[in-house]
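Structural characterization, general
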Amino acid sequence: KTERNKDLQKQINEYKQEIEAQEKLCDDITKQNESIDSKMEQYAKDLKKLQKLQRDIEKKYAQNEKNKAKLKKQRGKLQNDRKILWKEKSEFDKLKTDLKTKQEQSDKDFRHTMNYNMYTSYVALKRIQDDIEKYGDDSKYKLSGKLYGAVIENFTVREEKYNVAVEAAAGNKLFYYIVENDTVASELIKIMQKERINRVTFVPLNQCGRNMRRQRKDFRGAADVIAMMKLIAWDENIVNLEGALLQIFGNTLIPKDLDVAFDYATRENYQCVTLNGDIVTSGGAMDGGFNENKYRRLNCYTSIRNIQEQYTEIEDDLNENNDKLKGIENKLLEIENEVRRNDEEMNKYRNNLAENKDKLIEIEENMEEEQTMKSNKLKLLDKHEANINRIQTTVDSLEKEMKQALKTKLSNSEEQKLKDLQSEKEELIKQISSSVESINEVDIQMNGIDSLLKDNLLPQQKELLNHIKKCDESGDIEQRLDSTNNKLQIETESRDKLSSEIQQNETDIDSWNSRLKILEKEISELTEQEQEILLDIEEHSIDSEKLVGKHQALQEKLNQFSKYIRELGALSTTDTNKYRNKTMDVLNKQLKKIKKDLEKYKHVNKKALDQYNSFLKEKNKLNRRNEEQKEDKDHIEKLMDHLDNKKDEAIQKTFSAINTRFRESFKQLVSRGDAKLKLYKRKDNGRGRNGDNDEHEDD
């Protein structure tokens, strides 16, 4: 019994040690579960926080998508506006090209309205004026006042139908040049001398003040004439410009026809110009006739001025168009920057979403792992507690067995039970061995599954996660694709614009090439004509040199003979006829002889005969004029007598008509009365009047 108890006590102690070990394991597992619970709580908090952050980022991402759609809409509208402006710009460029062509033609026509010297002077002074207006104080031409340009540039005709009359009245005065004062004119003359510019006429405005203007009659009420100054307009801000124009147009009227023009010119001392350009001067001289394309300076310059105004308007519209294009380009750039910033924010939000999603997955995986670990721990705890209970039950049964008395001999039932237990033990051993084998097989399968998980499933999981990230990054690819499409659209528009400009330039090049060919042909013809003219000039220069030599020789002979004639004095026609048929030798001999004879009469006045002859001619001339005046006097007296007779006849006729009318009126007033008028006649003797007066009677 003692040995049994000792053996049982030993078993109990072993079981108690095992229970303590199991309880210690249970405590460790409990502590581990508590740490797992704290981790799970922290994971839950982090998960909740990340989910909230994820929702906020998703809201911001959705707002950015709305902003992006709005910006795309604005960008599309601005791109359409830019297309319209590009089209308008191409139209403006085309109009500019057309106007340049028209201006070149108008300049060419204007050039042909004046001679070469006048045109070169006009171009040179226009260049000086443009240089001063462009550079101001930095100009190389220093003037103390202002150059206003030619007269034709400083006024406009109110109606086009008066252009011919105005140009005919002004003539070359249209190319007088208006300056501020005399000093400016002197400075310009020095510049012209330095640069070899042809002579022109300047009109200083300080010499055209109101006190220097001539008083002119006002023809405001006249229906058949109109003052030319009323037909032109000028800049009233320019001091004394009106006076300068008065000097050119102030003495000119425009009548309705030549008869009225002649009447006003001779009566009012005005120059009159008809609408066709016919001129009647104040002295009564007339200038007119067919004048096709004679007066076209004003028309050409008006065309140039209108083209310049249109060109300026188109330049202003083009500048406004360019400003709008710049504004749209700046807005598009701002929108592109906003889209870029928006895309960067969306990429940032997308990356944050991806990172948060990875964190969420990681937390969920960690929570799942912790939960799995906790479940395993709980299972292990339950297993340990079951082992503790089982061992405790065993310990209790052993302690109970120690308290029982030891029997010396087993009963049959106990022996049978022992045999059953042994057989059961053997079966259990077999089952344990089979269970161990099955456990080994399960371990082998589990190891295979683990290796499969590590070798295949986990890499596949990582690959799937990478695919998920790539799918998340597809939004960024869409943005890049959108920006690329936008750039492609812009480049396409630029290509279309450039292609249209290239086509326009090609058409312009073709037109310019055709014009160039025409001009080259004209230049070749003009070159040939120039060669011919040069040859003619050389021939004429040779002929002129010969003629000059002959002219000088003849001039010397003429001077010599004139000297001889002066020494000879005046000759009568009889003397010339007397010596006409004689030879030069005979005449020379006689001349020498006469000179010898004349030496005797050196003291005589040689010009007395000439003076006598001249006085005699003057006397005869005066006598003839006296006779003509006497005849004119007789004619004038006859005309006066004739006019007196006409006057008397007219008076008699008028008096008889008045007398008849008077008698009729008197009869109407006095029914039975009669009356008549009698005309008194007088006889003039000196200043007195003698005559009998007949009285008139009333019945």
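Described below are features of the structure shown in this document. (Residues numbered from 1 in each chain as written. Predicted model: local features only at pLDDT ≥ 70, side-chain atom pairs only at ≥ 80, totals over all residues. Heavy atoms only, no water.)

1. Points about the overall build of the chain
- When its secondary structure is counted, the chain shows twelve helices and twelve strands.
- Split into buried and exposed, the 699 residues of the chain put 24% on the buried side.
- Look at the contacts in the chain between residues 6 or more apart in sequence, and 73% of them connect residues 24 or more apart.
- As displayed, the chain has an accessible area near 52,300 Å², and 50% of this comes from carbon and sulfur atoms. (Helix = DSSP H or I, 4+ residues; strand = E, 2+ residues; numbered from the N terminus. Buried < 20%, exposed > 50% of the residue type's maximum accessible area, 1.4 Å probe, protein only. Contact = heavy atoms within 4.5 Å. Areas by Shrake-Rupley, 256 points an atom, 1.4 Å probe, with all protein chains shown as cover.)

2. Observations concerning the pattern of salt bridges
- All chains considered together, the criterion is met by twelve salt bridges.
- Of the charged contacts, one joins Glu 195 and Arg 127 as a salt bridge, the two residues approaching to 3.1 Å between their closest N and O atoms. Here Arg 127 lies in helix H2 (residues 116-135) and Glu 195 lies in helix H4 (residues 182-195), a separation of 68 residues in the sequence.
- Classification of Arg 127 as partly exposed rests on a relative accessible area of 39%.
- Note that Glu 320 is salt-bridged to Lys 324, the shortest N-O span being 3.9 Å. Within this pair, Glu 320 and its partner Lys 324 are both found in helix H7 (residues 297-403), separated by four residues, close to a single helical turn. (Salt bridge = Lys/Arg side-chain N within 4 Å of Asp/Glu carboxyl O.)

3. Quick word on a nonpolar patch on the surface
- Nonpolar side chains collect at one region of the surface, where Leu 258, Phe 262 and Met 286 lie side by side and expose about 270 Å² of accessible area between them.
- Mapping Met 286 onto the fold places it in strand E10 (residues 286-287). (Patch = residues over 30% accessible without salt bridge, like charges linked within 9 Å, V, L, I, M, F, W, Y side chains within 5 Å.)

4. A look at the nonpolar core
- One finds Phe 110, Phe 155, Val 166, Phe 175, Leu 188 and Phe 249 to be the most contacted residues of the largest nonpolar core, which totals 55 residues.
- Excluding residues within four positions of it along the chain, Phe 110 makes contact with Tyr 122, Ile 152, Phe 175, Arg 297, Cys 300, Tyr 301 and Ile 304.
- Core analysis: the second largest hydrophobic core is formed by eleven residues, Ile 12, Cys 26, Ile 391 and Met 402 among them. (Core = buried A, V, L, I, M, F, W, Y, C linked by side-chain atoms within 4.5 Å.)

5. Overview of the sheet that holds strand E1 (residues 147-150)
- With respect to topology, three strands assemble into an open sheet ordered E1-E3-E4, the strand pairing being mixed. Taken across any chain shown, the strands that pair with only one partner, and hence form the sheet edges, are E1 and strand E4 (202-204). For this sheet, the mean angle separating the axes of adjacent strands, direction not counted, is 20°.
- Sheet analysis places E1 next to strand E3 (residues 177-179), joined by three bridges and oriented antiparallel. Pairing of Gly 149 across the sheet is with Ile 178, part of E3. (Pairing = 2+ DSSP bridges. Axes fitted to C-alpha atoms, helices over the stretch in contact; angles between N-to-C directions.)

6. Focus on the pairing of strand E7 (residues 252-255)
- What you see with E7 is no split at all: Thr 252 and Ile 254 on one side and Leu 253 and Pro 255 on the other are buried throughout.
- Sheet analysis places strand E5 (residues 225-227) next to E7, joined by three bridges and oriented antiparallel. Counted as the bridge partner of Ile 226 is Ile 254 from E7.
- Across two bridges, E7 lies against strand E8 (residues 271-273) in parallel orientation. In the sheet register, Thr 252 faces E8, and the bridge partner there is Gln 271.

7. A word on the sheet that holds E8
- The mixed open sheet is built from five strands, whose spatial order is E5-E7-E8-E9-E10. Every other strand in the sheet has two partners, leaving E5 and E10 as the edge strands with one partner each.
- Contacting E7, E8 and strand E9 (279-280), helix H3 (residues 163-170) crosses the sheet at an angle of about 145° to E8.

8. Observations regarding H3
- In terms of burial, H3 is largely enclosed, as seven of its eight residues are buried.
- For H3, the full list of buried residues reads Asn 163, Ala 165, Val 166, Glu 167, Ala 168, Ala 169 and Ala 170.
- Once H3 finishes, Gly 171 follows within two positions and takes phi at roughly 65°, a positive value.

9. Let's talk about the packing of H3 against H7
- Contact pair H3 / H7: the axes reach a minimum separation of 8 Å and the direction vectors enclose 115°. Judged by residue contacts, Asn 163, Val 166 and Glu 167 of H3 engage Arg 297, Leu 298, Asn 299 and Thr 302 from H7.

10. What to know about unusual backbone geometry
- Positive phi, close to 65°, is recorded for Asn 240, a residue that is not glycine.
- Structurally, Asn 240 can be placed in the loop between strand E6 (232-234) and helix H5 (241-249).
- You will see that Asn 269, though not glycine, has its phi angle at about 60°, which is positive.
- Asn 269 sits in the partly exposed class, given a relative accessible area of 48%.

11. Quick look at empty space enclosed by the protein
- One pass over the full model with this rule turns up one cavity of 30 Å³ or more.
- In this structure, the largest cavity spans a volume of roughly 30 Å³.
- Lining the largest cavity are Tyr 122, Leu 125, Lys 126, Gln 129, Leu 147, Gly 149, Ala 150, Glu 153 and Tyr 177.
- Secondary-structure elements contributing two or more residues to the lining of the largest cavity are H2 and E1.
- Sorting elements by how many residues they give to the lining of the largest cavity places H2 first, with four residues.
- Here the residues of the lining of the largest cavity sort into five nonpolar, two polar and two charged. (1 Å grid on protein atoms, 1.4 Å probe; cavity = no way out; pocket = protein on both sides within 12 Å on 5 of 7 lines; lining within 4 Å. Points joined across faces, edges and corners; volume = space filled by probe spheres on them. Nonpolar A, V, L, I, M, F, W, Y, C, P; charged D, E, K, R; others polar.)

12. Considerations on a negative patch on the surface
- Taken together, the side chains of Glu 627, Glu 628, Glu 631, Asp 632, Asp 634, Glu 637, Asp 641, Asp 644, Asp 648 and Glu 649 present a region of like negative charge at the surface.
- With respect to the secondary-structure elements, Asp 644 resides in helix H12 (residues 608-669). (Lys, Arg positive; Asp, Glu negative; His and termini not counted. Charge placed at Lys NZ, Arg CZ, Asp CG, Glu CD.)

13. Notes on the packing of aromatic side chains
- One pass over the full model with this rule turns up seven aromatic pairs.
- An angle of 75° between the planes, with centres 5.7 Å apart, marks the rings of Phe 110 and Tyr 122 as edge-to-face. One end of the pair, Phe 110, is in helix H1 (residues 2-111); the other, Tyr 122, is in helix H2, with twelve residues separating them in the sequence.
- Classification of Phe 110 by relative accessible area gives buried; the value is 3%.
- By relative accessible area, Tyr 122 is classed as buried at 10%.
- With 5.9 Å between their ring centres and 45° between their planes, Phe 110 and Tyr 301 make a pair best called tilted. Residue Phe 110 is found in helix H1, and its partner Tyr 301 is found in helix H7; the two are separated by 191 residues along the sequence. (Phe/Tyr/Trp six-rings, centres within 6.5 Å; stacked < 30°, edge-to-face > 60°.)

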